[in-house]
Amino acid sequence: MSLLEKSVVDLANALDNLETKIEHKLDDHASNGESIAAARRQAHSARTHAAEASRGLADSIADIKALLDRAGGAAKG
């Protein structure tokens, strides 16, 4: 796994941890129903976007690796 891929995975994990912490905090402060719902939506949205970015980044990295491999093969041949 490349450094960039690891960084994206670390980011996704950090967002998961943040979402978990927010949910625990929000459970403790359940009296503000509207604020809780908004915070949960934001945490979920951030996690979803991080997952999408991770997949897109992984695809881009794979494409770049394939191009480099082809370029390396063409230079040798």
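Residues numbered from 1 in each chain as written. Predicted model: local features only at pLDDT ≥ 70, side-chain atom pairs only at ≥ 80, totals over all residues. Heavy atoms only, no water.

**Considering the overall build of the protein**
Heads up, the rule is: Helix and strand definitions here come from DSSP, where helices need a minimum of 4 consecutive H or I residues and strands a minimum of 2 consecutive E residues; each element is numbered from the N-terminal end. Computation of the radius of gyration draws on C-alpha atoms alone. For the globule rule, the value is 2.2 Å times the number of residues to the power 0.38. To sort residues, take the accessible area from a 1.4 Å probe on protein chains only and compare it with the maximum for the residue type: under 20% means buried, over 50% means exposed, and anything in between is partly exposed. Values of accessible area rely on a 1.4 Å probe in the Shrake-Rupley scheme; residue burial ignores everything except the protein chains shown. The convention is simple: Lys and Arg are positive, Asp and Glu are negative, and His and the chain ends are not counted. We put the charge of a Lys on NZ, of an Arg on CZ, of an Asp on CG and of a Glu on CD.
Tallying secondary structure elements over the protein gives two helices and zero strands in all. In terms of overall dimensions, the protein is more spread out than a globule: its C-alpha atoms have a radius of gyration of 19 Å, far above the 11 Å expected for 77 residues. In terms of overall dimensions, the protein has a C-alpha envelope of 70 × 15 × 10 Å along the principal axes. The proportion of buried residues among the 77 residues of the protein is 13%. Working note: accessible area of the protein is about 5,900 Å², and carbon and sulfur atoms make up 58% of it. Both charge centroids of the protein, one from 10 positive and one from 12 negative side chains, sit 4 Å from each other.

**As for the pattern of salt bridges**
Side chains bearing opposite charge may pair, as long as their charged atoms lie close to each other. Applicable threshold: The term salt bridge refers to a side-chain nitrogen of Lys or Arg lying within 4 Å of a carboxyl oxygen of Asp or Glu.
Going through the model one piece at a time under the given rule, you end up with three salt bridges. The salt bridge partner of D10 is K6, with a shortest N-O separation of 2.9 Å. Of this pair, D10 and K6 both sit in helix α1 (residues 3–28), four residues apart, which is roughly one turn of that helix. A residue is classified by how much of its surface remains accessible, and K6, at 43% relative accessible area, is partly exposed. Note that D16 is salt-bridged to R47, the shortest N-O span being 2.7 Å. Of the two residues, D16 is situated in helix α1 and R47 in helix α2 (residues 33–76); the sequence distance between them amounts to 31 residues. Residue R47 is classed as partly exposed on the basis of its relative accessible area, which comes to 38%. Among the charged side chains, a network of salt bridges with common partners joins D16, E19 and R47.

None of this, on its own, says anything about what the molecule does.
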